[in-house]
Amino acid sequence: MPRVLHLPLFIAFSAWPALLCAETPPALGVGVFVDFDSAPGSASIQIMKDEVEKLLRPSGISLDWRLTKQNRGTETFPRLVVLQFRGRCRADLLSQPPEDSATLGEARTLASTRVAAGRVLPYGEVECDEVRQALSYLDPGAGAIARQTALGLALGRVVAHELYHILARTTAHAAHGLAKPTESFEDLISPRETPFQERDSRAIRQGFRKQ
Ligand SMILES: [Zn+2]
């Protein structure tokens with residue numbers, strides 16, 4: 001994982017080793033099965049979904065969200081992705097700001113995607129306790145709605161980054177845009193969006209169509 005120095009706090013998206021699953025893609029629809037250790041409020045979840053869908057729209061990908069626990073195995077999707085949200089995805093919990101200089105400049109892993117034998121698997125994990133640290137960059141007086149919105153945006157951008165790895169079937173990163181390996185907490189919660197570069201959106205579309 002890259003270490004980022006000279007900046008207050010950066011996070012790293014990463015991909016680690018592990019199997020693959022591929023379905024025939026007649027359309028660019030993806031079933032996204034999610035499971036939370038501790039689910040965010042409904043407002044944060046909706047903002048997360050909206051953000052991911054907006055970021056993937058240039059790829060032509062559409063998403064169908066499902067809860068893993070409610071899966072009865074009766075639906076089929078051209079592609080499947082399973083996301084596990086670990087820790088507490090709660091906007092109402094206080095976030096600890098960086099405690100001392102020892103933590104400054106550390107790259108933190110917000111999410112990861114499994115890879116096996118060099119192949120990216122459709123399984124991602126989001127570290128909610130790490131993503132939640134972004135809330136400490138809000139104004140101290142930020143209210144409940146602002147916190148829920150910020151958490152939803154941060155989760156959405158982290159999820160979109162992992163879906164890039166999974167759908168484009170790559171562990172590579174870009175130099176710019178949302179496919180780059182690190183992102184600042186400030187940018188994760190910013191109203192100003194960091195989209196994928198056109199070439200990364202194209203890689204997602206082409207990866208989806210690969211058998
Ligand atoms: Zn990454």
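Here the structure is shown first, and the text comes after it.
Before going into details, it helps to say that this report is about the structure given with it. (Residues numbered from 1 in each chain as written. Predicted model: local features only at pLDDT ≥ 70, side-chain atom pairs only at ≥ 80, totals over all residues.)

1. Remarks on helix α5 (residues 198-209)
Quick note on the threshold: Labels follow the DSSP assignment, with helices taken as runs of H or I lasting at least four residues and strands as runs of E lasting at least two, numbered in each case from the N terminus. Working rule for helices: expected span equals 1.5 Å times residues minus one. To sort residues by burial, count the other C-beta atoms lying within 10 Å of each one's C-beta; a count of 20 or more means buried, 12 or fewer means exposed, and anything in between means partly exposed. C-beta atoms are built from the backbone. To be clear, the arc concerns the directions from the helix axis to the C-beta atoms.
For α5, built from 12 residues, the straight-helix expectation of 16 Å at 1.5 Å per residue is met to within 8% by its first-to-last C-alpha distance of 17 Å. What α5 keeps buried is the set Asp200, Ser201, Ala203, Ile204 and Phe208. Taken around the axis of α5, the buried residues stretch over an arc of 155°, which confines them to a single face. Across α5 from its buried face, at more than 90 degrees, point the exposed residues Glu198, Arg199 and Arg209.

2. Examining unusual backbone geometry
Positioned with a positive phi, Ala117 is a non-glycine residue whose angle comes to about 50°. When you line up the elements, Ala117 lands in the loop between β5 (107-116) and β6 (119-127). Since 9 C-beta atoms lie within 10 Å of it, Ala117 is described here as exposed. Positive phi, close to 55°, is recorded for Arg169, a residue that is not glycine. With respect to the helices and strands, Arg169 occurs in the loop between α3 (144-168) and β7 (182-184). You can call Arg169 partly exposed: it has 19 C-beta atoms within 10 Å.

3. Looking at the pairing of β5
Applicable threshold: Two strands form a pair only when DSSP identifies at least two bridges running between them.
Bridge analysis of β5 against β6 gives five bridges, and the strand direction is antiparallel. When the sheet's bridge partners are listed, Ala111 is paired in β6 with Val126. Between β5 and β6, which pair antiparallel and follow one another directly, the connecting turn spans two residues, one of which, Ala117, has a positive phi of 50°.

4. Comments concerning the packing of helix α1 (residues 42-56) against α3
Threshold: Note on geometry: axes are C-alpha line fits, over the in-contact stretch for helices, and angles between N-to-C directions span 0 to 180 degrees. Any angle from 65 to 115 degrees is called roughly perpendicular, while one under 35 is roughly parallel, one over 145 is roughly antiparallel, and all others are oblique. A crossing counts as left-handed when the near helix is turned anticlockwise from the far one by less than a right angle, and as right-handed when that turn is clockwise. Two residues qualify as being in contact provided that their C-beta atoms, derived from the backbone, are within 7 Å of each other.
Where α1 contacts α3, the axes come no closer than 7 Å and their chain directions differ by 40°. Between α1 and α3, the crossing angle belongs to the class labelled oblique. The crossing of α1 and α3 is right-handed. Taking contact as the criterion, the partners of Ala43, Ser44, Ile47, Met48, Glu51, Val52, Leu55 and Leu56 in α1 are, on α3, Gln148, Thr149, Leu151, Gly152, Leu153, Leu155, Gly156, Arg157, Val159, Ala160 and Leu163.

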